[in-house]
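Residues per chain are reported as follows:
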Amino acid sequence: MSDLAYLRDRHEIRDLVTRYACAVDRRDFQAVAACFTSDAEADYTYFKGPIRDVLEKIRAGVNGFAMTMHVLGNHLAEVHGDTATSETYAVCYHRRPGVPDGAQLVVAMRYLDDLVRTPEGWRIRRRHATVEWQQSEPPRA
Amino acid sequence: MSGLARLADDLAIRDLLYRYARGIDRRDLDLVRSCFAPDARYEGALAVGTIADMLAALPAAMSRYAATMHFMGEPAVTIDGDSARSETGTIAYHVLDDPPRRLRTVGVRYDDLLERRVDGWRIVARRIHRFWERAG
């Protein structure tokens, strides 16, 4: 693989993972679904299964909050031809509806993804979202 | 240096910085060690000396925590041939064993000097600036 093709793959994979996070926060569930292959499987610790079931859980979960914000950090990926693996750190803020500003649930996760190159670009075909820590209603500053 | 080589170096350095965090957070001392030149200088809470001093202090420090997450922001990377420097703001989350599941959060910046070695980029000097800390 040329340097250029490698850099492009790495960039597209990072974009894909970021696109997922933005789509969840915008509640654009069509765009969320487009990040996965149709036969993908996912384990989000709190729920797992075929992607169509998991997407429903994500939709119901996100819609239960006044807002969510997924902040992504560390990202590492290894590309092997038409498949790849990646790990991405995420700190996810969820504000509950009907409570004062600041009352929120913070969940820190690592997204461990198996990815595949499709004619439409890279897609996630397996995701394991581990929960590293979580915190409810942190103390006010 | 070509634009393409510059991009490849930039990505390799970012990967190196994130591999360090992975090594710490997974308690993989060999992975942490592999990010540094063997004689790298290190100046932080764990040690002031060399990377060997830091690695010697790491297991005891880590044993206080159920988990850590070194959440790194965008590194500012400046490359000059076979040398580079980077600055990376990082929020280090420490999940305490006692009391269980309490968080200790520390805001730091890693100031790194890096060199290209035969087997890739390595950190040759790291200085850690500590900005804030919060318990709770």
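Each chain has its residues counted from 1, following the order in which its sequence is written. Numbering of ligands from 1 and lettering of chains from A proceed in the order in which they are written. Predicted model: local features are reported for residues with pLDDT of at least 70 only, side-chain atom pairs are reported and counted for 80 or more only, and whole-chain, interface and lining totals are derived from all residues.

Engineer: Looking at this structure, I do not really get the overall build of chain B. What am I missing?
Structural biologist: A run of DSSP states H or I qualifies as a helix once it reaches four residues; a run of E qualifies as a strand once it reaches two. Both are numbered from the N-terminal end. A count of helical and extended segments in chain B gives three helices and seven strands. Each helix (α) and strand (β) of chain B, taken in turn from the N terminus, gives the series α-α-β-β-α-β-β-β-β-β. For the radius of gyration, the atoms used are the C-alpha atoms, and the globule rule reads 2.2 Å times the number of residues raised to 0.38. A compact globule built from 136 residues would reach a C-alpha radius of gyration of about 14 Å, and chain B, at 15 Å, matches this within 12%. Each principal axis of the C-alpha atoms in chain B carries an extent, and together these give about 55 × 25 × 20 Å.

Engineer: Honestly, helix α3 (residues 51–63) of chain A in this entry has me stumped. Any pointers?
Structural biologist: Counting along an α-helix, one turn takes 3.6 residues, and residues three or four places apart therefore face a common direction. All names here are of chain A. If you check α3, its first and last C-alpha atoms are 18 Å apart, about what 13 residues at 1.5 Å a residue would give, namely 18 Å. Put plainly, a residue is buried at 20 or more neighbouring C-beta atoms within 10 Å of its own, exposed at 12 or fewer, and partly exposed in between, counting only other residues' C-beta atoms, which are placed from the backbone. Buried within α3 are the following residues: I51, V54 and I58. Mapping the buried residues of α3 onto a view down its axis gives an arc of 60°, with all of them on the same face. Seen from the open side of α3, the exposed residues pointing more than 90 degrees away from its buried face are R52, A60 and N63. Packed against the buried residues of α3 are α1 (3–26), α2 (29–33), β1 (36–43) and β2 (48–50). The span one expects for a helix is its residue count, reduced by one, times 1.5 Å. Read the arc as the range of directions from the helix axis to the C-beta atoms. Contact between two residues is assigned when their C-beta atoms, built from the backbone, lie within 7 Å.

Engineer: I would appreciate a short explanation of helix α1 (residues 3–25) of chain B in the present structure.
Structural biologist: Residues and elements named next belong to chain B. Taking 1.5 Å per residue as the helical rise, α1 with its 23 residues ought to reach 33 Å, and the 33 Å between its terminal C-alpha atoms agrees with that figure. Within α1, burial applies to I13, R14, L16, L17, Y18, Y20, A21, I24 and D25. Once α1 finishes, R27 follows within two positions and takes phi at roughly 60°, a positive value.

Engineer: Please explain the environment of V107 of chain A as it appears in this structure.
Structural biologist: All names here are of chain A. Along the chain, V107 falls in strand β5 (residues 104–118). For V107, a count of 20 C-beta atoms within 10 Å corresponds to the buried category. In this structure, the C-alpha to C-alpha distance between V107 and Q135, residues 28 residues apart in sequence, is 6.5 Å. The contact partners of V107, leaving out residues within four places of it in the chain, are C92, V131 and Q134.

Engineer: How should I be thinking about the packing of α1 of chain A against α1 of chain B in this particular structure?
Structural biologist: Helix-helix packing: each pair is described by the crossing angle between the helix axes and the interaxial distance. Axis lines are fitted to C-alpha atoms, over the contacting stretch for helices. Their N-to-C directions set the angle, which ranges from 0 to 180 degrees. Across the interface, α1 of chain A lies against α1 of chain B with an axial gap of 10 Å and an inter-helix angle of 45°. Considering the angle they form, α1 of chain A stands oblique to α1 of chain B. Remark: the crossing between α1 of chain A and α1 of chain B carries left-handed chirality. Taking contact as the criterion, the partners of D3, L4, L7 and R10 of chain A in α1 of chain A are, on α1 of chain B, L4, L7, A8 and L11 of chain B. Looking at the contact of α1 of chain A with α1 of chain B residue by residue, the class counts come to six nonpolar, no polar and two charged. Reported orientations rely on four angle classes, namely roughly parallel under 35 degrees, roughly antiparallel over 145, roughly perpendicular from 65 to 115, and oblique for the rest. Definitions for this section: a left-handed crossing has its near helix turned counterclockwise from the far helix by less than a right angle. A right-handed crossing has that turn clockwise. Basically, the charged four are Asp, Glu, Lys and Arg, the nonpolar ten are Ala, Val, Leu, Ile, Met, Phe, Trp, Tyr, Cys and Pro, and anything else, Gly included, counts as polar.

Engineer: Sorry if this is basic, but what is going on with the sheet that holds strand β6 (residues 121–136) of chain A here?
Structural biologist: Sheet strands pair via backbone hydrogen bonds, and the direction of the pair is either parallel or antiparallel. Two strands pair if DSSP finds at least two bridges between them. Spatially, the six strands line up as an open sheet ordered β2-β1-β6-β5-β4-β3 (chain A), and their pairing is mixed. Edge positions in the sheet fall to β2 and β3 (67–80) of chain A, since each of these pairs with one other strand and no more. Ignoring which end each strand starts from, the neighbouring axes of this sheet average 20° apart. Looking at chain direction, β1 of chain A and β2 of chain A are connected through three bridges and run antiparallel. By the bridge assignment, E41 of chain A is partnered in β2 of chain A with P50 of chain A. Along the sheet face, α3 of chain A touches β1, β2 and β3 of chain A and points at about 130° away from the line of β2 of chain A. On top of the sheet, α1 of chain B reaches β3 and β4 (83–95) of chain A; it is set at about 105° to β3 of chain A, its chief contact.

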